[in-house]
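Chain by chain, the residues:
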Amino acid sequence: ELKYFVSSILNWNLFPEKLTDRNMKKIPWMDKGVIVYICDSRGVRDIYEADGASTVAASEPLVVLVNKGTASASEILAGALKDNKRAVVYGEPTYGKGKIQSVFALSDGSGLAVTVARYETPARTDIDKVGVTPDRPLPASFPTDEDGFCSCLRDPASCNLNAARLFVRS
């Protein structure tokens, strides 16, 4: 019987090429819900939502580890899990890559990157330059790897973790 689920998305490349409606719907830890809003100068341009078709363990407690290396699609996933109250996010603020840019080739061989939109979390938070703020920081003595985190779950006192409050947001 599964009692909890731990995911580390410190630098998990969930969507290797780009965000598309097809790969966005396949988040395994969410039944349904908004994953991200794509916004431009006129407001919301697109809404990506989980459809629940690939869901596993959607009702089990979930903890997610993030840090300043969590960027792009991993950062969007962390924001979606947090804002949909699907996971408790531990760590430090994520990288803060919230802009969508198009690159145009110029005649001299150089290129011009133009910001065309931005990502907003389901709670409508613009993550650019600020990242996703975790629900809780990790204790200074806390291990930085997933195996160490799992060891802490087995023996919470060894890493100054209160097991009874692990899945509580604050």
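Summarised in this report is the structure supplied together with it. Remember, predicted model here, so these are calculated numbers, not experimental data. (Residues numbered from 1 in each chain as written. Predicted model: local features only at pLDDT ≥ 70, side-chain atom pairs only at ≥ 80, totals over all residues. Heavy atoms only, no water.)

## Observations regarding helix 2 (residues 73–83)
This is how the line gets drawn: Accessible area is worked out with a 1.4 Å probe on protein chains only. A residue is then buried under 20% of its type maximum, exposed over 50%, and partly exposed in between. Counting from the N terminus, the helices are the DSSP runs of H or I reaching at least four residues and the strands are the DSSP runs of E reaching at least two.
Of all 11 residues making up helix 2, 10 are buried, and the element is well covered by its neighbours. Of the positions making up helix 2, those classed as buried are Ala73, Ser74, Glu75, Ile76, Leu77, Ala78, Gly79, Ala80, Leu81 and Lys82. Trailing helix 2 by a residue or two, Lys85 shows a phi angle of about 55 degrees, which is positive.

## Considerations on the sheet that holds strand 7 (residues 111–120)
The condition is simple: Here the rule is simple: two strands pair whenever DSSP picks up at least two bridges between them. Angles shown run from 0 to 180 degrees and are taken between the N-to-C directions of axes, each axis being a line fitted to C-alpha atoms and, for helices, limited to the stretch in contact.
Pairing within the open sheet is antiparallel, and its four strands lie in the order 3-2-7-6. Strands at the two margins of the open sheet, each flanked by one partner only, are strand 3 (43–50) and strand 6 (99–105). Strand-to-strand twist of the sheet, defined as the mean angle between neighbouring strand axes without regard to direction, takes the value 30 degrees. Bridge count for strand 6 against strand 7 is seven bridges, and the pairing is antiparallel. Bridged to Val103 within strand 7 is Ala113.

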